Amino acid sequence: MNPYPLTDEHIAFYRDNGFVQLFDVLSPAELQQAREALEDANQLVLDASHHTSKLNPEYEKVFVQKVNLWRVHDGMREYVLSSKLADIARRLAGFEAVRLWHDHALIKMPGDSKESPWHQDLPYWPMNEPGALSCWMALDDVDVANGCMQFVPKSHTWGIFEPIKLVDAQDLFSFVPDPETKDFTPFVARMPAGSCTFHDGRTFHYAGPNTTDRPRRAIITIYMADGTTYNGNPHVVTNGLELVPGEPFTHESFPVLSRA
Ligand SMILES: O=C(O)CCC(=O)C(=O)O
């Protein structure tokens, strides 16, 4: 993959707002590779440690979620382990080096589709330090009709709140203290396939239901600073690895993908 021409303006916008939108990050060939990899990987019969929404039909109305596809599919491995997106993540966050936390495909199916309610990601991740960030790559053109991402600018500075149940619609006002002092005007990330957003794990985000008749496909790759330490909480990608609380993530499940 060719490097993306990330600018100082992109970096400043990300740090100020907790997210940034980047257009045409994948070339047509890279987009084709990612689509083919996901379509193929999506045919695999996976257990609930990868197909994490499998046993929960209500959750699958929000999205079908498949985690760590790089561990089970060569094409997904090529996409997820590429340094192109990891370099962008490292430069946006200002880290010396980044490790993969995990990938996940989030496919919002048509039909009885539900919103992805307002939430932060970091409360779900067993990390002591903040700063980990997600690349949300659109494999289809996205707008409000099929559930594009939305972000509250600067909400990464509001603190870290309790995780919510993603099957429950969430009023953003309900868990943010002093809502009258906050600007909740969301940024609506409409974009063509092959474009993406990066967001900090503390940034509040949302996606509406998919009201179209086609799936909305996205691959999310999540990056953390090398040196981030494990806080001991359970998580589907750490369960069984016998990580030691307080120690940095160095297991081969979390490879270094970019270094300055
Ligand atoms: O794709 C969605 O509907 C929500 C995505 C999300 O919550 C995330 O990438 O953290």
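Residues numbered from 1 in each chain as written. Predicted model: local features only at pLDDT ≥ 70, side-chain atom pairs only at ≥ 80, totals over all residues. Heavy atoms only, no water.

With respect to unusual backbone geometry
1) Next: Of note in this structure, aspartate 24 is not a glycine but carries a positive phi near 50°.
2) Next: The class for aspartate 24 is exposed, based on a relative accessible area of 55%.
3) Next: Positive phi, close to 55°, is recorded for glutamate 242, a residue that is not glycine.
4) Next: Along the chain, the position of glutamate 242 falls in the loop between strand 10 (216-225) and strand 11 (256-259).
5) Next: The class of glutamate 242 is exposed, set by a relative accessible area of 75%. (Buried < 20%, exposed > 50% of the residue type's maximum accessible area, 1.4 Å probe, protein only. Helix = DSSP H or I, 4+ residues; strand = E, 2+ residues; numbered from the N terminus.)

As for helix 2 (residues 28-41)
1) Next: Given a rise of 1.5 Å per residue, 14 residues ought to cover 20 Å, and the 20 Å separating the end C-alpha atoms of helix 2 matches this to within 8%.
2) Next: All of the buried residues along helix 2 are Glu30, Leu31, Gln33, Ala34, Ala37, Leu38 and Ala41. Around the axis of helix 2, the buried residues are gathered within 160° of arc, so they sit on the same side. Helix 2 presents Pro28 and Ala29 as exposed residues on the side facing more than 90 degrees away from its buried surface.
3) Next: Summarising the contacts, the buried residues of helix 2 are in contact with helix 4 (74-80), helix 5 (83-93), strand 3 (97-108), strand 5 (133-138) and strand 10. (Expected span 1.5 Å × (residues − 1). Arc of directions from axis to C-beta. Contact = heavy atoms within 4.5 Å.)

As for the site of the ligand
1) Next: Around the ligand, 13 residues are found, and the nearest of them are Ser116, His119, Trp136, His205 and Arg216.
2) Next: Here an oxygen atom of the ligand and a side-chain polar atom of serine 116 are 2.6 Å apart.
3) Next: Within the side chain of histidine 205, one N or O atom sits 2.9 Å away from an oxygen atom of the ligand.
4) Next: A total of 290 Å² of accessible area belongs to the ligand in isolation, and the protein chains cover 97% of it.
5) Next: Because more than half of its atoms lie within 2 Å of the grid, the ligand is assigned to the largest pocket.
6) Next: When contributions to the shell around the ligand are tallied by element, the ones reaching two or more residues are strand 3, strand 4 (116-119), strand 9 (205-207) and strand 10.
7) Next: In terms of residue class, the shell around the ligand is built from six nonpolar, four polar and three charged. (Near = heavy atom within 4 Å. Polar contact = N/O pair within 3.5 Å; in protein donor to acceptor, adjacent residues only side chain to side chain. Areas by Shrake-Rupley, 256 points an atom, 1.4 Å probe, with all protein chains shown as cover. 1 Å grid on protein atoms, 1.4 Å probe; cavity = no way out; pocket = protein on both sides within 12 Å on 5 of 7 lines; lining within 4 Å. Sits in = over half its atoms within 2 Å of the grid points. Nonpolar A, V, L, I, M, F, W, Y, C, P; charged D, E, K, R; others polar.)

With respect to the packing of aromatic side chains
1) Next: For the structure on display, the rule yields 12 aromatic pairs.
2) Next: Measuring from centroid to centroid gives 5.8 Å for tyrosine 230 and phenylalanine 249, while their planes differ by 70°, and the two rings are edge-to-face. Here the residue tyrosine 230 occupies a position in the loop between strand 10 and strand 11, and phenylalanine 249 occupies one in the loop between strand 10 and strand 11, the gap between them amounting to 19 residues. Here the two residues tyrosine 230 and phenylalanine 249 agree in accessibility, since each one is buried.
3) Next: Put simply, the rings of Phe13, Phe19, Phe151 and Phe187 touch in pairs and so form one group of aromatic residues.
4) Next: Over the aromatic face of tryptophan 158 sits the side chain of lysine 182, whose NZ or CZ is 5.8 Å from the ring centroid. (Phe/Tyr/Trp six-rings, centres within 6.5 Å; stacked < 30°, edge-to-face > 60°. Lys NZ or Arg CZ within 6 Å of the ring centre and 35° of its normal.)

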